[in-house]
Amino acid sequence: QVQLVESGGGLVQAGDSLRLSCVPSGRTFSIYAMSWFRQAPGKEREFVARIRRSGGITFYADAVKGRFTISTDTAKNTVYLQMNTLRPEDTAVYFCAGDRKYSRDYAHTGEYDYWGQGTQVTVSS
């Protein structure tokens, strides 16, 4: 089994930056790719960004392109989400997710095998 632990959330003002971290443990060799999703109150969980765990290929939701960057540090076994120029509409619980396979439907929550508990990001105007 795999456990994912997120950290780095908090309360910031519009225009500020935050960096989220996700550390997997357990049978981590089974993970092919890692993603970040977010869920705002009363809304469905939505895709934010994805990276192949070995690094390289990335995908982003249109709403965050140019502001957010997903990266991986294999030495630290950590996946990051650098969030710049934050907006109030970025307020949500951010979840880390792990996928055991290549997927073209990477934006769908059903494709993922592992989930973290989430970390709250609140952006005030």
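Residues numbered from 1 in each chain as written. Predicted model: local features only at pLDDT ≥ 70, side-chain atom pairs only at ≥ 80, totals over all residues. Heavy atoms only, no water.

Participant: Just to check I follow, could you spell out the environment of Ala 97 for this structure?
Facilitator: Within the secondary structure, Ala 97 is located in strand β9 (residues 92-99). Classification of Ala 97 as buried rests on a relative accessible area of 0%. Put simply, Ala 97 and Phe 47 are 50 residues apart on the chain and 10 Å apart in space, counted from C-alpha to C-alpha. Among all residues touching Ala 97, those that are not within four sequence positions of it are Leu 4, Ala 33, Met 34, Ser 35, Phe 37, Tyr 112, Tyr 114 and Trp 115. (Helix = DSSP H or I, 4+ residues; strand = E, 2+ residues; numbered from the N terminus. Buried < 20%, exposed > 50% of the residue type's maximum accessible area, 1.4 Å probe, protein only. Contact = heavy atoms within 4.5 Å.)

Participant: Sorry, what's going on with the environment of Leu 18 here?
Facilitator: Of note, Leu 18 is situated in strand β3 (residues 18-26). For Leu 18, the residues in contact, after removing those within four places along its chain, are Gly 8, Gly 9, Gly 10, Val 12, Leu 81, Gln 82, Met 83, Leu 86 and Val 121.

Participant: Any chance you could explain the nonpolar core here in plain terms?
Facilitator: Considering soluble globular proteins, one finds that nonpolar side chains tend to be buried as a cluster. Judged by nonpolar contacts, the single largest core of 32 residues is most densely connected at Leu 4, Trp 36, Val 48, Phe 68, Leu 81, Met 83 and Tyr 94. Of all the elements in the fold, those that place two or more residues in this core are β1 (2-7), β3, β4 (33-39), β5 (46-52), β7 (68-73), β8 (78-83), β9 and β11 (119-124). When residues no more than four places from it in sequence are discounted, the contact partners of Met 83 are Asp 16, Ser 17, Leu 18, Leu 20, Arg 67, Phe 68, Tyr 94 and Val 121. (Core = buried A, V, L, I, M, F, W, Y, C linked by side-chain atoms within 4.5 Å.)

Participant: Where do I start with the side chain of Glu 6 in this structure?
Facilitator: Tracing the chain through its elements places Glu 6 in strand β1. For the buried residue Glu 6, which engages in no salt bridge, the nearest side chain bearing the opposite charge is Arg 45, 7.4 Å off. From its side chain, Glu 6 meets the backbone nitrogen of Gln 117 in a polar contact 3.1 Å long. A distance of 2.9 Å separates a polar side-chain atom of Glu 6 from the backbone nitrogen of Gly 118. With residues up to four places along the chain from it excluded, the contact list for Glu 6 reads Ser 21, Cys 22, Trp 36, Tyr 94, Phe 95, Cys 96, Gly 116, Gln 117, Gly 118 and Thr 119. (Lys, Arg positive; Asp, Glu negative; His and termini not counted. Salt bridge = Lys/Arg side-chain N within 4 Å of Asp/Glu carboxyl O. Polar contact = N/O pair within 3.5 Å; in protein donor to acceptor, adjacent residues only side chain to side chain.)

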